[in-house]
Amino acid sequence: MADFEKIEYGTYEAALEKSRELEINLVKNPEKYRVLTGDRPTGRLHIGHLFGSLQNRVNLHKLGVQTYIVIADYQVLTDRDTFENISDNIKQLTIDYIAAGIDPEDGKTFIFPHSHVPELNQLLLPFLTLVTNAELDRNPTVKEEIQASGQKRINAGMYTYPVHQAADILFCKGNVVPVGKDQLPHLELTRTIARRFNEKFANRQPVFPEPQPLLSKAPLILGLDGSQKMSKSRNNAIMLSATEDETASLIKKAKTDSQRTITYDPDNRPEVSNLLMLISLATGEAPELIAERIGDGGAGQLKRELTEALNEYLRPIRARRKELESDMEYIRKTLRNGIAEARKVAEATLSEVRKVMNMEI
Ligand code: TRP
């Protein structure tokens, strides 16, 4: 096998700086970009998703950038044994996207599960020949996920899903991928695969772009326990689909600390600061100012304000969710449209790929 250049993961700061430049260019020339983004259908979305990535996507969408959203159903099988809820999760995820402001009717936005796009999945085969086992083994995000899954026997899909993710991104020649920090290694692998593919098979006219990550400006949202990332499996999340009463009672139980006066100090008071940040994300007021205003009102007032701010912010989203839930045929139709478009694009890419690989008959 030919010698490959080493995969460089680079620093978070460098990625952040590039991402800010990209943001400026996106506003200037939205027509030059195609966004590809996605989630695993492991459950409904929570406010960590909403403030962390979903809103970023909605903003891009509003600029008029073409957006492909892949629901990575095959990837669910890489780190868990359960598959009973996948179909339901795909539809609930689609409902969350639309309720949050993604409009699949605009002719520029397509939502589809990758299991329904055979030509996309076929790209996995040539892509697997462009990386080494050692490289897959070194992926820091995969390593963490293996640890977190608690599984003793790791299936090969776990090591290769980042290559599958490269197929998700490259099948439509996506060049912007809104992601969180944990996805940066996957994106670097995608860029490497695109580069190696072009160098090996398409020297004169590159087939694939090297997609750029777009990092969200929102800070990491902690769960209501204040000690780790918000996530449904850690039982510390507020779901978009929760009722106002459920939201109130979850916030009531949120962890704070023993200091009465409220201050914004993420390093020393992570729990209180996270709640302040959530109010800030819902109202637009700076967290420092909210803290000053609450002051000696203490944790009680902090929680009351958060409950009110969040429920108000989520009210229209939740109302839209309800409407959509009662019209599953519309959701299925949205997915069918997304699949049809994704297949069209994937077929065209696959035929280009076959051509440069000398596999035409
Ligand atoms: N791996 C991503 C996650 O776990 C989901 C995903 C699959 C994805 N394919 C993608 C994200 C393509 C961005 C682009 O969240």
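Please refer to the structure higher up on the page.
Visitor: Account for the overall build of the protein chain, with residues named and values stated.
Guide: Summing up its helical and strand segments, the protein chain has 15 helices and 5 strands in all. For 361 residues, the compact-globule formula gives about 21 Å, and the C-alpha radius of gyration of the protein chain, at 21 Å, lands near that figure. Each principal axis of the C-alpha distribution contributes one length, and for the protein chain these read about 75 × 45 × 45 Å. A total of 361 residues make up the protein chain; the buried ones form 50% of that total. Summed over all atoms, the accessible surface of the protein chain reaches about 17900 Å², with 49% contributed by carbon and sulfur. Computed over 48 positive and 51 negative side-chain charges, the separation of the two mean positions in the protein chain equals 2 Å.

Visitor: Quick one: what's the story with the site of the ligand, residue by residue and with numbers?
Guide: Around the ligand, the surrounding shell consists of Leu36, Gly38, Arg40, Ala72, Gln75, Gln165, Asp168, Ile169, Val177 and Gln183. A distance of 3.2 Å separates a nitrogen atom of the ligand from a polar atom in the side chain of Gln75. Here Asp168 contributes a side-chain N or O atom positioned 2.7 Å from a nitrogen atom of the ligand. For the ligand, the protein covers 90% of the area, taking 370 Å² as the surface of the free molecule. Counting residues per element, the ones that place at least two in the shell around the ligand are strand 1 (34-39) and helix 9 (156-170). No other element matches helix 9, which puts 3 residues into the shell around the ligand. Split into classes, the residues belonging to the shell around the ligand amount to 4 nonpolar, 4 polar and 2 charged.

Visitor: Residue-level account of unusual backbone geometry, with values.
Guide: A positive phi angle is found at Lys173, which is not glycine, with a value near 55°. By secondary structure assignment, the location of Lys173 is in the loop between helix 9 and strand 4 (176-179). Exposure remark for Lys173: the relative accessible area of 26% places this residue in the partly exposed category.

Visitor: Just give me the short version of the pairing of strand 3 (residues 109-113), but keep the residues and values in it.
Guide: With 5 of 5 residues buried, strand 3 is to be regarded as a mostly interior element. Residues Thr109, Ile111 and Pro113 line one face of strand 3 and the alternating positions Phe110 and Phe112 line the opposite face, and both faces are buried. Two elements, strand 2 (residues 66-71) and strand 3, share 5 bridges in a ladder whose sense is parallel. Across the sheet, residue Ile71 finds its bridge partner in strand 3, namely Pro113.

Visitor: Describe the pattern of salt bridges, with residues and values.
Guide: Counted under the stated rule, the structure contains 23 salt bridges. Residue Glu210 is joined to Arg195 by a salt bridge in which the shortest nitrogen-to-oxygen separation is 2.9 Å. In this pair, Glu210 is assigned in the loop between helix 10 (184-201) and strand 5 (212-215) and Arg195 in helix 10, connecting sequence segments 15 residues apart. For Glu210, a relative accessible area of 32% puts it in the partly exposed group. Taking the relative accessible area as the measure of exposure, Arg195 reaches 21% and is therefore partly exposed. In this structure, Glu341 and Lys344 form a salt bridge, with 3.5 Å as the shortest nitrogen-oxygen distance. Residue Glu341 and its partner Lys344 are located together in helix 15 (residues 328-356), separated by 3 residues, close to a single helical turn.

Visitor: Tell me about the nonpolar core, and please be specific about residues and values.
Guide: Counting 48 residues, the largest nonpolar core has Ile47, Leu50, Tyr97, Leu302 and Leu310 as its most contacted members. Those elements that provide at least two residues to this core are helix 2 (47-63), strand 2, helix 4 (86-100), helix 12 (270-283), helix 13 (287-294), helix 14 (298-325) and helix 15. Per-element accounting of this core gives the leading share, 8 residues, to helix 4. Those residues in contact with Ile47 that sit more than four places away from it in its chain are Gly52, Met230, Ile238, Leu240, Leu278, Leu310 and Leu314. Formed by 40 residues, the second largest nonpolar core is a distinct cluster that contains Ile7, Val117, Val163 and Met357.

Visitor: Any chance you could break down the packing of aromatic side chains for me, citing the residues and the numbers?
Guide: This structure, assessed with the given rule, holds 8 aromatic pairs. Ring geometry for Phe197 versus Phe201: centroids 4.9 Å apart, planes at 50°, classification tilted. Here Phe201 and Phe197 lie together in helix 10, a separation of 4 residues that amounts to about one turn. Using a relative accessible area of 0% as the deciding quantity, one classes Phe197 as buried.

So, how was this worked out
- Residues numbered from 1 in each chain as written.
- Predicted model: local features only at pLDDT ≥ 70, side-chain atom pairs only at ≥ 80, totals over all residues.
- Heavy atoms only, no water.
- Helix = DSSP H or I, 4+ residues; strand = E, 2+ residues; numbered from the N terminus.
- Rg over C-alpha atoms; globule rule 2.2 N^0.38 Å.
- Buried < 20%, exposed > 50% of the residue type's maximum accessible area, 1.4 Å probe, protein only.
- Areas by Shrake-Rupley, 256 points an atom, 1.4 Å probe, with all protein chains shown as cover.
- Lys, Arg positive; Asp, Glu negative; His and termini not counted.
- Charge placed at Lys NZ, Arg CZ, Asp CG, Glu CD.
- Near = heavy atom within 4 Å.
- Polar contact = N/O pair within 3.5 Å; in protein donor to acceptor, adjacent residues only side chain to side chain.
- Nonpolar A, V, L, I, M, F, W, Y, C, P; charged D, E, K, R; others polar.
- Pairing = 2+ DSSP bridges.
- Salt bridge = Lys/Arg side-chain N within 4 Å of Asp/Glu carboxyl O.
- Core = buried A, V, L, I, M, F, W, Y, C linked by side-chain atoms within 4.5 Å.
- Contact = heavy atoms within 4.5 Å.
- Phe/Tyr/Trp six-rings, centres within 6.5 Å; stacked < 30°, edge-to-face > 60°.

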